[in-house]
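Understanding the architecture of this molecule
Residues per chain are reported as follows:
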Amino acid sequence: MAEHHQLIVVGSGPAGFTAGLYASRANLEVVIFEGDQPGGQLMITTEVENYPGFPDGVMGPEMMDIFRKQAHRFGAKSIYETIERVDFSNRPFKLYTTNNKEYTADAVIISTGATARRLHAKGEDEYWGVGISACATCDGFFFRNQKVFVIGGGDTAMEEANYLANLCSSVTIVHRRQEFRASKIMSERAEKNPKINFLLDSVIDEYTGVTENGIKRLTGVKVRNVKTGEITEHSADGAFIAIGHDPSTKFLKGIIDLDENGYIVTQGKSTYTNIPGVFACGDCQDHVYRQAVTAAGSGCMAAIDAERWLGEHS
């Protein structure tokens with residue numbers, strides 16, 4: 001027999017937990033499927049300094065534990081399973097976990113997030129979060145007046161490089177080709193910035209660093225020219241991989257309207273999807289801002305939208 005809930009939130013993180021918090025405070029019966037990475041991307045983030053209410057900063061995992069406890073305080077419950085497939089053709093909606101357990105719901109909020117694309121060069125996993133990042137807006141402040149590298153050649157890379165140039169002593173863009181995928185206006189803006197340098201026809205061969213008092217820290221990169229094979233070593237305080245993100249929405253393809261990059265399409269300024277009773281929030285529908293605070297805000301919106309919709313369709 002399927003297990004039924006009034007509202008199912010698929011995915012955790014700032015969006016999912018905030019949706020669960022607001023919905024449970026509205027006296028809805030809520031479960032949050034936390035997925036294969038409970039707490040979302042912030043679980044692999046070190047210090048968060050830009051979330052309001054934490055003047056001294058907070059570690060990402062600690063912050064997500066606080067979010068979870070606050071949602072649970074008002075009655076939301078977590079299920080530590082991953083939703084693998086859904087059937088939204090009729091109500092109640094059907095959702096299935098990886099072990100094929102069936103759940104049903106009167107309404108659903110999708111908050112599955114997105115993951116940064118990785119290149120997996122040598123040392124990347126070792127120094128991820130301790131020098132290597134995928135978000136200049138999130139982590140650029142940690143590298144003010146320092147030397148950083150940006151890997152990529154699209155609009156994201158140019159945008160990150162220009163943002164970092166306002167904070168860092170120097171920014172070097174590493175790109176595997178001579179030509180950029182970025183729009184002309186974005187690439188020209190980077191090329192005109194005196195703080196931005198370029199290593200073209202090049203890739204990161206290895207990230208290097210040191211361990212001091214048990215703490216790892218990135219100190220350099222080895223860059224390989226793809227045409228000559230020559231490897232050069234450069235000192236680096238930080239590196240930003242800027243090759244885009246992949247929304248965690250593959251299980252919704254053909255069911256929920258997605259854009260060309262796989263992000264969920266929501267209607268106007270709401271969190272409504274193309275299926276009445278199914279809502280979306282957080283990074284799975286936001287390819288622009290991708291911040292914890294904006295994800296949390298959209299989680300609030302999704303809960304309010306869902307509560308009002310359920311009130312009209314119960």
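The structure this text deals with has already been given above.
Residue numbers run consecutively from 1 along every chain, following the written order of its sequence. pLDDT decides what is reported in this predicted model: residues at 70 or higher carry local features, side-chain atom pairs at 80 or more are listed and counted, and totals for whole chains, interfaces and linings draw on all residues regardless. Side-chain calculation: all heavy atoms of the structure are included, whereas hydrogens and water are not.

Quick notes on the state of the cysteines
Linking two cysteines covalently via their sulfur atoms produces the bond known as a disulfide. Pairs of cysteine sulfur atoms within 2.5 Å are what we label disulfides. With the rule as written, the count across this model stands at one disulfide. With its sulfur 2.2 Å from that of its partner, C135 forms a disulfide with C138. Taking the torsion about the sulfur-sulfur bond, which here is approximately 70°, the covalent link between C135 and C138 counts as right-handed. Summary of the burial criterion: residues with accessible area below 20% of their type's maximum are buried, those above 50% are exposed, and those between are partly exposed, where the area comes from a 1.4 Å probe applied to protein chains only. Residue C135 is classed as buried on the basis of its relative accessible area, which comes to 17%. With relative accessibility at 27%, the residue C138 sits in the partly exposed group. Between C168, a free cysteine, and C135, which holds the nearest cysteine sulfur, the sulfur-to-sulfur gap is 13 Å. Take C168: its relative accessible area is 1%, and that puts it in the buried class. Left unpaired, C300 is separated from the closest cysteine sulfur, that of C281, by 10.0 Å.

Quick word on the packing of aromatic side chains
Ring pairs shown here join Phe, Tyr and Trp side chains whose ring centres sit within 6.5 Å, with only the six-membered ring taken for Trp; geometry is labelled stacked below 30 degrees between planes, edge-to-face above 60, and tilted in between. Summed over the entire model, instances satisfying the criterion amount to eight aromatic pairs. Seen from their ring centres, Y51 and F67 are 5.7 Å apart, and the 70° between their planes marks the pair as edge-to-face. With Y51 in the loop between β3 (47-48) and β4 (58-59) and F67 in helix α2 (residues 60-73), the pair connects residues that are 16 residues apart, well separated along the chain. The residues Y51 and F67 share a single accessibility class, namely buried. For the ring pair F88 and F93, a centre distance of 5.3 Å and an interplane angle of 70° mean the geometry is edge-to-face. Across the pair, exposure class does not vary: F88 and F93 are buried alike. Chaining the aromatic ring pairs together yields one cluster made of Y51, F54 and F67. The criterion is that NZ of a Lys, or CZ of an Arg, lies within 6 Å of the ring centre and within 35 degrees of the ring normal, and then a charge sits over that ring. The side chain of R144 reaches across the aromatic face of F141, ending 3.7 Å from its centre. Only DSSP runs of H or I covering at least 4 residues are called helices, and only runs of E covering at least 2 are called strands; the numbering of each starts at the N terminus.

Regarding the nonpolar core
With 32 residues, the main nonpolar core has L7, V30, I32, Y51, M63, F67 and I109 as its most contacted residues. Listing elements by their share of this core, those giving two or more residues are β1 (3-10), α1 (13-25), β2 (30-33), α2, β8 (102-110) and α7 (292-313). If one sorts the elements of this core by residue count, α7 sits on top with eight residues. Should any heavy atoms of two residues lie within 4.5 Å, those residues are counted as being in contact. Beyond its immediate sequence surroundings of up to four residues, M63 is in contact with L42, V48, Y51, F54 and V58. Core analysis: the second largest hydrophobic core is formed by 22 residues, Y103, I264, V278 and C284 among them. Take the buried Ala, Val, Leu, Ile, Met, Phe, Trp, Tyr and Cys residues and link them wherever side-chain atoms come within 4.5 Å; each set so joined is a nonpolar core.

A look at the pairing of strand β6 (residues 83-87)
Sheet topology note: the β6/strand β7 (residues 93-97) ladder contains four bridges and is antiparallel. Within β7, the position partnered with I83 by the bridge is T97. Two strands make a pair as long as DSSP finds a minimum of two bridges between them. Here β6 folds back onto β7, and the loop between the two strands holds five residues.

Topic: unusual backbone geometry
A cis amide bond, omega 0°, links R91 with the succeeding residue P92. Considering the arrangement of structural elements, one finds P92 in the loop between β6 and β7. Positive phi is not limited to glycine here, since N145 has a value of about 65°. You can see N145 is positioned in the loop between α4 (136-139) and β11 (147-151). Judged by its relative accessible area of 65%, N145 is exposed. The phi dihedral of D201 is positive, around 55°, even though this residue is not glycine.

Distances and angles like these do not, on their own, reveal function.
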